[in-house]
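# Fold and contact review
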Amino acid sequence: HAEPLPSVPIDALLRRRPGKAPFLVAVDGVTDPGNLGAILRSCDGAGVDGVILPKHRAVHVTPTAAKSAAGAVEYVPMCIVGGLPTALRQLKEAGVWIVGLHDSADKSIFDIGDLALEPICLVLGAEGPGLSRLVRERCDVLVSIPMLGSLSSLNVSAATALATYEIVRARRA
């Protein structure tokens, strides 16, 4: 038996540290615990400051998620919110850029440029439906991962790894 993982308030994720703009990830409608665990593992590796999860219609930390996270559930702060669109609006009001990953976006994640240096929240949707309409509407910009082969998208956890590390790369350049 273990103590439940604490949910941190969204305000705690917005606290700025000197010389480092907040880097957040929000997950919209992901229901597979293995994907959530892999997302958390990538977020830990990329130095993401926190992950925002909706309370309903999404997976939370389960034994399967914890196992696939390989310990990241202990290190990545998670914020459970009643509604993701409302939370994204709150982030916007605090000066955070909302960047949605969407396969039909005209702009590439590789073209994000100086926006990566700003306070940013990368929003990822479930496989299949992607970002919900209300979440898409709350995004400041939509970006895609260029797919050069026959398939149109990556697994959400693979997309998280690629997109978070692209932001890390842009911040280090």
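What comes next is a walk through the structure. Remember, it's a predicted structure, so these values are computed and weren't measured experimentally. (Residues numbered from 1 in each chain as written. Predicted model: local features only at pLDDT ≥ 70, side-chain atom pairs only at ≥ 80, totals over all residues. Heavy atoms only, no water.)

Ordered in space as S3-S2-S1-S6-S4-S7-S5, the 7 strands form an open sheet in which the pairing is parallel. One side of each edge strand has no neighbouring strand; the edge strands of this open sheet are strand S3 (78-81) and strand S5 (107-108). Bridge count between strand S1 (residues 23-28) and strand S6 (residues 120-125): 6 bridges; the pairing is parallel. Directly across from Ala26, in S6, lies its bridge partner Val123. The sheet strands contacting helix H4 (residues 84-93) are S1, strand S2 (50-54), S3, strand S4 (97-101) and S6, and the helix crosses S1 at an angle near 160°. Sitting on the sheet, helix H6 (residues 156-172) is in contact with S1, S4 and S6, with an inclination near 160° to S6. (Pairing = 2+ DSSP bridges. Helix = DSSP H or I, 4+ residues; strand = E, 2+ residues; numbered from the N terminus. Contact = heavy atoms within 4.5 Å. Axes fitted to C-alpha atoms, helices over the stretch in contact; angles between N-to-C directions.)

As a further point, take the pattern of salt bridges. By the definition in use, this model includes 4 salt bridges. Linking Asp140 and Lys92 is a salt bridge whose minimum nitrogen-to-oxygen distance equals 3.4 Å. Here Asp140, found in the loop between helix H5 (133-138) and strand S7 (141-144), pairs with Lys92, found in helix H4; they are 48 residues apart in sequence, far enough to count as distant. Take Asp140: its relative accessible area is 36%, and that puts it in the partly exposed class. Residue Lys92 is classed as partly exposed on the basis of its relative accessible area, which comes to 32%. Two residues, Arg169 and Glu166, come together in a salt bridge whose shortest N-O distance is 2.6 Å. Taken together, the residues Arg169 and Glu166, both in helix H6 and 3 residues apart, mark about one turn of the helix. The exposure class assigned to Arg169 is partly exposed, which follows from its relative accessible area of 46%. (Salt bridge = Lys/Arg side-chain N within 4 Å of Asp/Glu carboxyl O. Buried < 20%, exposed > 50% of the residue type's maximum accessible area, 1.4 Å probe, protein only.)

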